[in-house]
Amino acid sequence: LSADDRQPSAIRHETVEDIPAQAEAIRLLVTGHERVAILTHSNADADAAASALTMRAICTFLGRPPILTITGDTQVPENLMFLTDVLVLTSDDRALEAADLVIYVDCAEAGRIGPLYGAHEAFLKNHPATINIDHHVTNTRFASLNCVIPEAAATSEILMQMCQHLAMPVDASLATSLLAGIYGDTLGLRTPSTTPTTMRVSATLVEAGANIDMVVDWLFRVKPWPAVRLWAAALALADWSGPVIWTYIDRETLERTGSVPSQAEGLINFLAGTIGARAAALAYQETDGWRVSLRSVYDDVDVAELASTYGGGGHPRAAGLRLAGDQSALNEFIKGLGETIAQLPSSSNGTQN
Ligand SMILES: [Mn+2]
């Protein structure tokens, strides 16, 4: 496969060079409407939360304070509580259908907003004015205005550049949120997705007063005791399927350890660093099946492509999918995944991360 075959959508996405024109188009759309709703994905991470908060600040700056800023979750994860104004993120969607402009941030597809997509599917699908700002290469370009920049390491990286083009002041607390968004998606500027632009934008945020200590503490160091117990339980179940190292978190484990799925954040990257692994998988049990996260260790394993054969998506080295069924369905999927990856040729330039 050529690079183009592997990423057929890359050609028609936007680039960093498009940001000034995109910022202007977004300004016109926002000021041309009265009731803006901002949506980000469920299982909100730092980039999702920071992007939603920043988009809210942009709309407010443009004279259109949003009627609501929604994440599909019922509660904001504890480790994101340090973000200023994070509690404006709500799962209360009662006012959603009053919105005349709907803005999605950090969502590869509209359905990523979680269960509330199903609850408002007709409204969202047929909405005449929608904006989609994202950095996932698998983005389905579902909105009337799409700003999808896969070369950006985080949606927060795109939004900071938007703020600059809109001449919007970014104070220290918003800068801290944006830096948290970038640090969250790049593990502190350490992933291969980190570019010189990512670093320049981060530097600008530090100049604006972003608190690096606070971001690093809350994203990478501080954790509650139930998270430690969850890691212990999940690591005790870690196993191999060919060159894939994997584990799972079922509902019983969450109950016994008093933890929530977001507390497993970082676990899959920890597993993926195991010598001998070409990929890692972490499955979370949900009410009707499993949500499976995939990471690849080598450039020659494209987990976004593997995930897309199961209706999922993501980045070449970090992707996810949903699986119906019980433990045996998961075991069967993992067995097949191990066999598939074992058959992929190893490239000579594959480097272990
Ligand atoms: Mn992101």
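Please read these numbers as outputs of a predicted model, since none were measured by experiment.

**Student:** Looking at this structure, I do not really get the environment of Q343. What am I missing?
**Tutor:** The topology assignment puts Q343 in helix α14 (residues 327–343). The class of Q343 is exposed, set by a relative accessible area of 67%. With 101 residues separating them along the chain, Q343 and G242 place their C-alpha atoms 9.8 Å apart.

**Student:** Would you take a moment to explain the coordination of the manganese ion for this structure?
**Tutor:** Tetrahedral coordination by four donors places them ideally at 109.5 degrees to one another around the metal; octahedral coordination by six donors ideally gives 90 or 180 degrees. All of the protein donors around the manganese ion are D47 (OD), D106 (OD), H135 (NE2) and D185 (OD); their distances to the metal are 2.1 to 2.3 Å. All donors of the manganese ion come from a single chain, and their spacing in sequence reads D-x58-D-x28-H-x49-D. Pair noted here: D106 is in the loop between β4 (101–105) and α4 (115–119) and H135 is in the loop between β5 (130–134) and β6 (145–148), with a separation of 29 residues, a long-range link. Neither D106 nor H135 differs from the other in exposure class; each is buried.

**Student:** Explain the pattern of salt bridges here, please?
**Tutor:** Two side chains that carry opposite charge are able to pair once their charged atoms sit near each other. Within this structure, the stated rule accounts for 12 salt bridges. The closest approach of N and O atoms between E14 and R141, which form a salt bridge, is 2.7 Å. Here the residue E14 occupies a position in the loop between α1 (3–6) and α2 (19–31), and R141 occupies one in the loop between β5 and β6, the gap between them amounting to 127 residues. Residue E14 is classed as buried on the basis of its relative accessible area, which comes to 11%. Here D300 ties to R278 by a salt bridge, and the two come within 3.5 Å at their closest N and O atoms. Of the two residues, D300 is situated in the loop between β10 (289–296) and α13 (303–308) and R278 in the loop between α12 (267–272) and β9 (279–286); the sequence distance between them amounts to 22 residues. In terms of burial, D300 and R278 fall into one category: buried.

**Student:** Where do I start with the nonpolar core in this structure?
**Tutor:** Where a protein is soluble and globular, its nonpolar side chains tend to be buried together. If you look at the biggest cluster of nonpolar residues, it comprises 52 residues, and the most contacted ones within it are M55, I58, I103, I133, M162 and L205. Apart from the residues within four sequence positions on either side, M162 is in contact with I19, Q22, A23, I26, I58 and C147. In terms of nonpolar packing, the next biggest core, distinct from the first, is built from 22 residues, W246, L294, V303 and L330 among them.

**Student:** I'm lost on the packing of aromatic side chains in this one. Help?
**Tutor:** Aromatic ring pairs are reported here in terms of the distance separating the ring centres and the angle at which the planes meet. All told, the structure shown has six aromatic pairs when counted by the stated rule. Taken together, a centroid distance of 4.8 Å and an interplanar angle of 85 degrees make the contact between Y310 and F333 edge-to-face. Placement of Y310 in the loop between α13 and β11 (313–315) and of F333 in helix α14 is noted, with a sequence separation of 23 residues between them. On the basis of relative accessible area, Y310 is assigned to the partly exposed category, the value being 38%. On the basis of relative accessible area, F333 is assigned to the buried category, the value being 5%. Among the aromatic side chains, those forming a connected cluster through ring pairs are W246, Y248 and W290. Note that R291 overlies the ring of Y284, its terminal NZ or CZ placed 4.2 Å from the centroid.

**Student:** Looking at this structure, how should I read the environment of E34?
**Tutor:** As for its placement among the helices and strands, E34 is situated in the loop between α2 and β1 (36–40). According to the relative accessible area criterion, E34 is exposed, its value standing at 52%. Remark: the alpha-carbon pair of E34 and F61, spanning 27 residues in sequence, is separated by 14 Å. Contacts of E34, omitting those with residues within four sequence positions, involve R64 and D100.

**Student:** What is the right way to look at the sheet that holds β9 in this model?
**Tutor:** Pairing between the strands of a sheet is mediated by backbone hydrogen bonds and can be parallel or antiparallel. In space, the six strands of this open sheet follow the order β7-β8-β9-β10-β12-β11, with mixed pairing throughout. Of all the strands in the sheet, just β7 (239–241) and β11 have a single pairing partner and so form its edges. Within the sheet, the average angular offset between the axes of one strand and its neighbour, ignoring direction, is 25 degrees. As defined by bridge partners, β11 adjoins strand β12 (residues 318–324) across three bridges and the pair is classed as antiparallel.

**Student:** What is the right way to look at the packing of helix α6 (residues 155–165) against helix α7 (residues 172–186) in this model?
**Tutor:** Closest axis-to-axis distance for the α6/α7 pair is 7 Å, and the angle between their directions is 145 degrees. The segment α6 lies against α7, with S156, E157, L159 and M160 engaging L178, G181 and I182. Its residues placed into classes, the contact of α6 with α7 shows four nonpolar, two polar and one charged.

**Student:** I'm lost on helix α3 (residues 46–61) in this one. Help?
**Tutor:** The periodicity of an α-helix, 3.6 residues per turn, causes residues three or four positions apart to be oriented the same way. Here α3 contains 16 residues, and its C-alpha end-to-end distance of 22 Å stays within 8% of the 22 Å for a straight helix at 1.5 Å per residue. Taken across its 16 residues, α3 has 12 buried, putting it largely inside the fold. Regarding α3, the residues found buried are A46, D47, A48, A49, A50, S51, A52, L53, T54, M55, I58 and C59. Phi for G63, located one or two positions after α3, is positive at around 85 degrees.

Reading the values: the criteria
- Residues numbered from 1 in each chain as written.
- Predicted model: local features only at pLDDT ≥ 70, side-chain atom pairs only at ≥ 80, totals over all residues.
- Heavy atoms only, no water.
- Helix = DSSP H or I, 4+ residues; strand = E, 2+ residues; numbered from the N terminus.
- Buried < 20%, exposed > 50% of the residue type's maximum accessible area, 1.4 Å probe, protein only.
- Donors = N, O, S within 2.8 Å, 3.2 Å for Na, K, Ca; no water.
- Salt bridge = Lys/Arg side-chain N within 4 Å of Asp/Glu carboxyl O.
- Core = buried A, V, L, I, M, F, W, Y, C linked by side-chain atoms within 4.5 Å.
- Contact = heavy atoms within 4.5 Å.
- Phe/Tyr/Trp six-rings, centres within 6.5 Å; stacked < 30°, edge-to-face > 60°.
- Lys NZ or Arg CZ within 6 Å of the ring centre and 35° of its normal.
- Pairing = 2+ DSSP bridges.
- Axes fitted to C-alpha atoms, helices over the stretch in contact; angles between N-to-C directions.
- Nonpolar A, V, L, I, M, F, W, Y, C, P; charged D, E, K, R; others polar.
- Expected span 1.5 Å × (residues − 1).

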